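A closer look at the structure
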Amino acid sequence: MEKVDSAFIQDVEHRPKFTITEAESIPVIDLLILNSSDFSTEKNCKELSSLVAEVKDACKKWGFFQVINHGVSEYREKIELGSRKFFALPKEEKRKVKRDELNSMGYYDTELTKNVRDWKEVFDFTVENPTVVPLSHDPDDKELKELHNQWPEYPPELRDVCEKYVQEMQKLSYKLLELISLSLDLPAKRLNGFFKNQTSFARLNHYPPCPIPHLALGVGRHKDAGALTILAQDDIGGLEVKRKTDGEWIRVKPTLDAYIINVGDAIQVWSNNEYESVEHRVVVNSEKERFSIPFFLNPSHYTWIGPLEELVNEKNPAKYKAYNWGMLFAHRKNSNFKKRDDENLEIHHFKA
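Keep in mind that this is a model prediction, so the values were computed, not measured.

Topic: the packing of helix 3 (residues 73-87) against helix 6 (residues 158-183)
Where helix 3 meets helix 6, the axes come as close as 9 Å, and the angle between the chain directions of the two elements is 140 degrees. On the basis of the axis angle, helix 3 is oblique to helix 6. Viewed along their axes, helix 3 and helix 6 form a crossing whose handedness is left-handed. Contacts between helix 3 and helix 6 pair Tyr75, Arg76, Lys78, Ile79, Gly82, Ser83 and Phe86 from the former with Leu158, Val161, Cys162, Lys164, Tyr165 and Glu168 from the latter. Taken together, the residues of the contact of helix 3 with helix 6 sort by class into 7 nonpolar, 2 polar and 4 charged.

Shown next as structure tokens:
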């Protein structure tokens, strides 16, 4: 077993002192207005402006928000069922589609990765199949590789369900991106172009009951490197967010059929720190298993991420140097298989 670092020990020793109360929970935002095809009426324009203001406030105060009336309920029910069927399979059956150093898509568990931080098993699949990414994180290495989805024999419907689900996630992602763009006083589609040939992927998570909940986490504290994460969690819950106002860890109470949205590091850099990517983690349960499905909206591998020129001026200079998304993506993925002396690349490494 690998050595547990001090940050992990601090995480498991310092549990939240309280769970979040309804009055102080992360905002729940109703997207019903986006289902209307006509924003031309004065009423709809006012409602859209109000919605954009809600998104702005949530991104500023929390870096997180929940959405309801998102239009994905039917597809969500199907993929949640498929996820439960897959993880119920014997381990040797699931490992037939295990990931490896060349292809990071597929199944893995904590025993495979020897990662004592994370008490879970996972199945990853990309939106675009294949997805093109750099072979290594070395900026001088221009060679590319393809990530291919692997699909298990059972449940036989899982591939079709997953592929349809991520198409719906893409639609929701662009709606959210456009709201965020508008909240930054930018054109609605200002960010959309970064996601041609995207490296986005989805993940099925299973957290089995943990006999040592005081010594383990489902996922250690971290920030998401991409643009947006859209999370479906079950009614068990376990997600905790580090509140910006006082640094307390706050449990996110599950909301029926809601998605939990958090802005990632890419949004923080594009917005030139107007919005902040916030630390979060997942705690385990000693009695009940938990399922969740995050969707990670990531740019194309050739995208350079830096503060948007419209948000930079003499009074508000660029706070980051531009970096290549593919390099950072490869660096993080490769760290899952090779123990390195250097730390994971983070956006603070690119501060101007």
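What about the environment of His206?
With respect to the helices and strands, the residue His206 is situated in strand 7 (residues 201-207). Sequence-wise, His206 and Ile293 are 87 residues apart; in three dimensions their C-alpha atoms are separated by 9.0 Å. If we ignore the near neighbours within four places in the chain, the residues touching His206 are Phe87, Lys120, Glu121, Glu289, Arg290 and Phe291. A polar atom in the side chain of His206 sits 2.6 Å from the side chain of Glu121. A distance of 2.7 Å separates a polar atom in the side chain of His206 from a polar atom in the side chain of Glu289.

A short note on the sheet that holds strand 10 (residues 239-242)
Read from one edge to the other, the open sheet built from 4 strands follows the order 8-13-10-11, with strand pairing classed as antiparallel. Each edge of the sheet is formed by a strand with only one pairing partner; in this case those strands are strand 8 (219-222) and strand 11 (249-251). Between one strand axis and the next, the sheet turns through 20 degrees on average, direction left out of account. Strand direction decides the pairing type here: strand 10 and strand 11, joined by 3 bridges, are antiparallel. The partner of Lys242 across the bridge, within strand 11, is Trp249.

As for the side chain of Arg203
The residue Arg203 is located in strand 7 in this model. The class for Arg203 is buried, based on a relative accessible area of 12%. Engagement of the side chain of Arg203 in a polar contact is seen with the side chain of Tyr108, the distance being 3.4 Å. Apart from residues no more than four positions distant in its own chain, Arg203 is found in contact with Tyr108, Lys120, Val122, Phe123, Asp124, Ser292, Ile293, Pro294, Phe296 and Lys333.

A closer look at the side chain of Asn262
Following the sequence through the fold, Asn262 ends up in strand 12 (residues 259-263). A distance of 3.1 Å separates a polar atom in the side chain of Asn262 from a polar atom in the side chain of Asp224. Leave out the neighbours within four places in its chain, and Asn262 touches Gly63, Phe64, Asp224, Ala227, Leu228, Thr229 and His280.

So, the sheet that holds strand 2 (residues 64-68)
Across a sheet, paired strands are connected by hydrogen bonds in the backbone, their directions being either parallel or antiparallel. If you trace the 8 strands from one edge of the open sheet to the other, you get 1-2-12-9-14-7-4-3, paired in mixed fashion. Each edge of the open sheet carries a strand with a single partner, namely strand 1 (28-30) and strand 3 (106-109). Averaged over all pairs of adjacent strands, the angle between strand axes in this sheet comes to 25 degrees, irrespective of strand direction. Here 5 bridges tie strand 7 to strand 14 (residues 290-297), and the two strands are oriented antiparallel to one another. Bridged to Phe201 within strand 14 is Phe296. Here helix 6 sits on the sheet and contacts strand 2, strand 4 (121-126), strand 7, strand 9 (228-233), strand 12 and strand 14; the angle it forms with strand 9, its principal contact strand, is near 130 degrees.

Structural notes on the pattern of salt bridges
Tallied over the entire structure, the rule returns 21 salt bridges. Across the pair Arg159 and Glu163 runs a salt bridge, and its minimum N-O distance is 3.0 Å. Here the residue Arg159 and the residue Glu163 both occupy positions in helix 6, the gap between them amounting to 4 residues, near one helical turn. For Arg159, a relative accessible area of 43% corresponds to the partly exposed category. The closest approach of N and O atoms between Asp246 and Arg243, which form a salt bridge, is 2.7 Å. When salt bridges with common partners are traced through the structure, they connect Lys56, Lys60 and Glu274 into a single cluster.

A closer look at helix 3
For helix 3, which comprises 15 residues, the first-to-last C-alpha distance of 21 Å matches the rise-based estimate of 21 Å (1.5 Å per residue) to within 8%. The complete set of buried residues in helix 3 reads Arg76, Ile79, Gly82, Ser83, Phe86 and Phe87. Down the axis, helix 3 shows its buried residues gathered within 130 degrees of arc, on one side only.

Describing the nonpolar core
Here is a general trend for soluble globular proteins: nonpolar side chains tend to be buried in one another's company. Membership of the largest hydrophobic core comes to 75 residues, with the highest contact counts inside it found for Tyr259 and Trp270. Ranked by the residues each element gives to this core, the list is headed by helix 6, at 11 residues. Apart from the residues lying within four places of it in its own chain, the contact partners of Tyr259 are Phe65, Gln66, Val67, His70, Val72, Arg76, Tyr165, Met169, Leu172, Ile230, Leu231 and Ala232. Tyr207, Leu231, Val241 and Val282 belong to the second largest nonpolar core, which has 12 residues in total.

Cut-off values and rules
Residues numbered from 1 in each chain as written. Predicted model: local features only at pLDDT ≥ 70, side-chain atom pairs only at ≥ 80, totals over all residues. Heavy atoms only, no water. Axes fitted to C-alpha atoms, helices over the stretch in contact; angles between N-to-C directions. Helix = DSSP H or I, 4+ residues; strand = E, 2+ residues; numbered from the N terminus. Parallel < 35°, antiparallel > 145°, perpendicular 65-115°, else oblique. Left-handed = near helix turned anticlockwise from the far one by under 90°. Contact = heavy atoms within 4.5 Å. Nonpolar A, V, L, I, M, F, W, Y, C, P; charged D, E, K, R; others polar. Polar contact = N/O pair within 3.5 Å; in protein donor to acceptor, adjacent residues only side chain to side chain. Pairing = 2+ DSSP bridges. Buried < 20%, exposed > 50% of the residue type's maximum accessible area, 1.4 Å probe, protein only. Salt bridge = Lys/Arg side-chain N within 4 Å of Asp/Glu carboxyl O. Expected span 1.5 Å × (residues − 1). Arc of directions from axis to C-beta. Core = buried A, V, L, I, M, F, W, Y, C linked by side-chain atoms within 4.5 Å.

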